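This is what each chain is made of:
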Amino acid sequence: MPLTPLDIHNKEFGKRLRGYDEDEVNEFLDQIIKDYELIIRENKELQNQLGAMQDKLGHFANIEETLSKTIIVAQEAADELKNNAKKEAQLIVKEAEKNADRIINDSLIKSRKIAMEAEELKKQAAIYRARFRALIESQMELLSQDGWEALESSDARMREIE
């Protein structure tokens, strides 16, 4: 067990013939007591500071651990967000490709329908022209027949009578 300043103060030495000067010994012991008390106080103060520093170190270690965990969680969240964004982008691209294919197919169907309608209109126009040509030819044939001349002459006679 270490000595305390009180132990030093209460220490009594036996007296002998031709011993040490009692006043000198007492002065020296008083000086030792003061120095020893000072060292004990400094030691306690340093122990208190060490405890406070250890508490701060523990606190900062906790903060460091928390920050490290937070960074890991943030990185994981960023990675997950990035992966989700990639998946969503892929879905959007697939949907756009489907829509593009649908639009192209619809356009092909419409263009084929329009081409068929145009072909049908060409056929109808050809039929119409052939019928019109036949009508004109038959009318021309009627006009070139002899019966018209007779009608014209009778028509001229009718005018004369009037």
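Above this text sits the structure in question.
Residues numbered from 1 in each chain as written. Predicted model: local features only at pLDDT ≥ 70, side-chain atom pairs only at ≥ 80, totals over all residues. Heavy atoms only, no water.

Draft legend 1. The arrangement of a negative patch on the surface in detail. On the surface, Asp21, Asp23, Glu24, Glu27 and Asp30 cluster together into a patch of negative charge. Within the element layout of this structure, Glu27 appears in helix 2 (residues 22-144). (Patch = residues over 30% accessible without salt bridge, like charges linked within 9 Å, V, L, I, M, F, W, Y side chains within 5 Å. Areas by Shrake-Rupley, 256 points an atom, 1.4 Å probe, with all protein chains shown as cover. Salt bridge = Lys/Arg side-chain N within 4 Å of Asp/Glu carboxyl O. Lys, Arg positive; Asp, Glu negative; His and termini not counted. Charge placed at Lys NZ, Arg CZ, Asp CG, Glu CD. Helix = DSSP H or I, 4+ residues; strand = E, 2+ residues; numbered from the N terminus.)

Draft legend 2. Summary view of the environment of Glu22. With respect to the helices and strands, Glu22 occurs in helix 2. Look at Glu22 and you get partly exposed, because its relative accessible area is 45%. Each C-alpha atom, one on Glu22 and one on Asp101, is 115 Å from the other, the two residues being 79 residues apart in sequence. (Buried < 20%, exposed > 50% of the residue type's maximum accessible area, 1.4 Å probe, protein only.)

Draft legend 3. Highlighting the environment of Glu117. Inspection of the secondary structure assignment puts Glu117 in helix 2. The exposure class of Glu117 is partly exposed, given its relative accessible area of 42%. With 44 residues separating them in the primary sequence, Glu117 and Ile161 have C-alpha atoms 59 Å apart.

Draft legend 4. Quick look at the pattern of salt bridges. Here the structure, examined in full by the defined rule, presents 2 salt bridges. Here Glu65 and Lys69 are joined by a salt bridge, their closest N and O atoms 3.1 Å apart. Here Lys69 and Glu65 lie together in helix 2, a separation of 4 residues that amounts to about one turn. The salt bridge involving Asp106 is made with Arg102; its shortest N-O contact spans 3.6 Å. With Asp106 and Arg102 both in helix 2 and 4 residues apart, this pair spans about one turn of that helix. Accessibility expressed as a relative area gives 34% for Asp106, which makes it partly exposed.

Draft legend 5. Up close: the environment of Ala52. With respect to the secondary-structure elements, Ala52 resides in helix 2. Separated by 42 residues in the primary sequence, Ala52 and Asn10 place their C-alpha atoms 35 Å from one another.

Draft legend 6. Fine view of a nonpolar patch on the surface. A grouping of Tyr128, Phe132, Leu135, Ile136, Met140 and Leu143 is seen on the molecular surface, where their side chains present a nonpolar patch of about 620 Å² in accessible area. Looking at the secondary structure, you find Leu135 in helix 2. According to the relative accessible area criterion, Leu135 is partly exposed, its value standing at 43%.

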